[in-house]
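# Overview (structure and organization)
Each chain, letter by letter, is given below.
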Amino acid sequence: MAAVTENSQDLTVTPGESTTTAGKPLISVRDLWMVFGPKAATVPNNEELCALSRRELMERTGNTIAVRDISFDVAPGEVFVVMGLSGSGKSTLVRCLTRLIEPTAGSVVFEGENLLEADAKRLRELRRHKFSMVFQNFGLLPHRRVVDNVAYGLEVRGAGRAERRERAAEVIELVGLAGYENSYPDELSGGMQQRVGLARALAVEPDLMLFDEPFSALDPLIRRDMQNEVIRLHRELGKTMVFITHDLSEALKLGDRILIMRDGKPVQIGTGDELVGAPADDYVRDFVSDVPKGDVLTLRWIMRPVTDADPADGPEVSPDTVIRDATRLVLSNHQPVRVVENGAVVGIVGHEEILAIVAGVR
Ligand SMILES: Nc1ncnc2c1ncn2[C@@H]1O[C@H](COP(=O)(O)OP(=O)(O)OP(=O)(O)O)[C@@H](O)[C@H]1O
């Protein structure tokens, strides 16, 4: 397994096996490889070939390693973001999860079932009932009205017309498109078309929703609305989501955890504050360098140990308070604030700790 840094409080943290969630995962990926080209299967086991740069490997063998030895779990209800620059392997990885692309090596276990052993019939069943995907280009059927686009997955599944209509109406309402049931996709704005895409994905009540850069084609304001929409839907429905993006602010906004990929390799898996507070290497450090730390990090990251000289009374805050939200409280107090967890004082935050972050010197 590739070296991956992770130290979330919610996760089982075992050195060398640090990509697992605490409970039973919904999906579990182990040692996954995807190599394009001739004799792809010989590449993962060949140390010499694996050590070559992309270009050298292509020149010598005609192969490209799109996904290189990736392992992680996604917990039920989690929003797991896959992030990386263009060509880092995000789309290939996510397509391997449902075998839209056939992985070269490794395993993908979904709800306890090894998907790589599923036959074509079982895969069809899973894709119709358990997974749904939201695409960047919306993927709508242009000659169908909104309601029939939304009901498409149910139709494929063999649901009757009345059931399809009823369910479609429910999700159209849910995504805020009531009144547009009979419109055609080209009569809608980009944001509204993507709401149709979302409704279609939700209509089949999937266990896992996959998003492939769904908002990249939208302008910034609409994009922000759609991100908020995903957050709202996740809060209301609790669906497990795997979300691809190349936009760090989108990743930080949506992701419970984020996997950062580079050249097919996992560089770091962690919560937003872990990536910003403890980047695994210079690549991640560079990625997160422009993020306002006070907006992402919590007091846990900046509190100092308690000493005898510290006050025994005064304001108390949780270590999970985001620094930005505690700034006013700390700066308006003449004495340091006590950070309290489970009834015990676990640290101290004073003006100095806050100002170091605000001034960007930490
Ligand atoms: N069908 C294919 N045949 C050969 N190489 C491929 C194929 N699909 C992808 N690749 C290569 O695999 C690598 C990863 O591509 P992938 O599309 O997964 O990256 P990505 O991070 O999703 O990029 P983007 O953000 O541009 O979509 C790239 O080098 C790409 O050229």
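Cut-offs used in this document
- Residues numbered from 1 in each chain as written.
- Predicted model: local features only at pLDDT ≥ 70, side-chain atom pairs only at ≥ 80, totals over all residues.
- UniProt positions renumbered as here; feature names shortened; annotations may be inferred.
- Helix = DSSP H or I, 4+ residues; strand = E, 2+ residues; numbered from the N terminus.
- Buried ≥ 20, exposed ≤ 12 C-beta atoms within 10 Å, placed from the backbone.
- Near = placed C-beta within 6 Å.
- Nonpolar A, V, L, I, M, F, W, Y, C, P; charged D, E, K, R; others polar.
- Core = buried A, V, L, I, M, F, W, Y, C linked by C-beta atoms within 7 Å.
- Domains from an automatic or database assignment.
- Contact = placed C-beta atoms within 7 Å.
- Pairing = 2+ DSSP bridges.
- Right-handed = clockwise from strand over helix to strand, strands pointing away.
- Axes fitted to C-alpha atoms, helices over the stretch in contact; angles between N-to-C directions.
- Parallel < 35°, antiparallel > 145°, perpendicular 65-115°, else oblique.
- Left-handed = near helix turned anticlockwise from the far one by under 90°.

- Looking at an unreviewed UniProt entry, one finds the chain named Glycine betaine/proline transport system ATP-binding protein, with Kineosporia succinea as its source organism.
- UniProt, in its Sequence similarities (unreviewed entry) section for the chain, records the words "Belongs to the ABC transporter superfamily."

### Describing the UniProt feature "domain: ABC transporter" (unreviewed entry) in the chain
- Feature annotation in UniProt assigns "domain: ABC transporter" (unreviewed entry) to the following positions: residues 52-288.
- Spanning residues 52-288, this segment combines 43% helix with 22% strand, and its end C-alpha atoms are found 28 Å apart.

### Observations concerning helix α3 (residues 90-97)
- When you tally the buried positions in α3, you get seven out of eight residues, the bulk of the element.
- By the burial criterion, the buried members of α3 are Lys90, Thr92, Leu93, Val94, Arg95, Cys96 and Leu97.
- Downstream of α3 by one or two residues, Arg99 has phi in the positive range, about 60°.

### Some thoughts on the site of the ligand
- In the vicinity of the ligand, the residues found are Phe36, Thr64, Ala66, Gly84, Ser86, Gly87, Ser88, Gly89, Lys90, Ser91, Thr92 and His246.
- Among the elements of the structure, β2 (64-74) and α3 are those that each provide at least two residues to the shell around the ligand.
- Take the shell around the ligand: its biggest share by element is three residues, from α3.
- Split into classes, the residues belonging to the shell around the ligand amount to two nonpolar, nine polar and one charged.

### Re the nonpolar core
- With 89 residues, the main nonpolar core has Val150, Ala199, Val242 and Val349 as its most contacted residues.
- Looking at which domains feed residues into this core, each of domain 1 (75-105 + 118-291) and domain 2 (295-358) supplies at least three.
- Setting aside chain neighbours within four positions, we find Val242 in contact with Val74, Phe80, Val82, Val94, Leu97, Leu208 and Leu210.

### Focus on the domain arrangement of the chain
- Split by domain assignment, the chain resolves into domain 1 (75-105 + 118-291) and domain 2 (295-358).
- Between domain 1 and domain 2, the C-alpha centre-to-centre distance is 37 Å.
- The class makeup of the residues in the side of domain 1 that touches domain 2 is three nonpolar, two polar and one charged.

### Here we look at the sheet that holds strand β11 (residues 316-317)
- As summarised here, the arrangement of the three strands in space is β11-β12-β13, forming an open sheet in which the pairing is mixed. Edge strands, defined here as strands with exactly one partner in the open sheet, are β11 and β13 (344-349).
- As judged from the two bridges shared by β11 and strand β12 (residues 337-341), these two strands associate in the parallel manner. Within β12, the position partnered with Glu316 by the bridge is Arg338.

### Examining the pairing of strand β7 (residues 208-212)
- With respect to burial, β7 is a largely interior element, five of its five residues being buried.
- Residue alternation in β7 divides its side chains into two sets, Leu208, Leu210 and Asp212 and Met209 and Phe211, and both sets are buried.
- Where β7 and strand β8 (residues 240-245) come together, five bridges link them in parallel fashion. Bridge pairing in β8 places Met209 opposite Met241.
- Regarding the hand of the β-α-β motif, the stretch spanning β7, helix α9 (residues 220-237) and β8 is right-handed.

### Topic: the packing of helix α14 (residues 323-331) against helix α15 (residues 351-358)
- Closest axis-to-axis distance for the α14/α15 pair is 10 Å, and the angle between their directions is 135°. By the angle between their axes, α14 is oblique relative to α15. Between α14 and α15 the crossing geometry is left-handed. Packed against α14, whose contacting residues are Ile323, Thr327, Val330 and Leu331, the element α15 presents His351, Ile354, Ile357 and Val358 at the interface.
- The class makeup of the residues in the contact of α14 with α15 is six nonpolar, two polar and no charged.

### Quick notes on the sheet that holds strand β1 (residues 27-36)
- Strands sit in the order β2-β1-β4-β5 across an open sheet of four strands; the sheet is antiparallel. Two strands close off the open sheet at either side, each with one partner strand: β2 and β5 (113-114).
- Relative to strand β4 (residues 105-110), β1 runs antiparallel, the two being bridged by five bridges. When the bridges of β4 are listed, Arg30 appears paired with Ser107.
- Along the sheet, α3 contacts β1, β2 and β4; its crossing angle with β2, the most-contacted strand, is approximately 55°.

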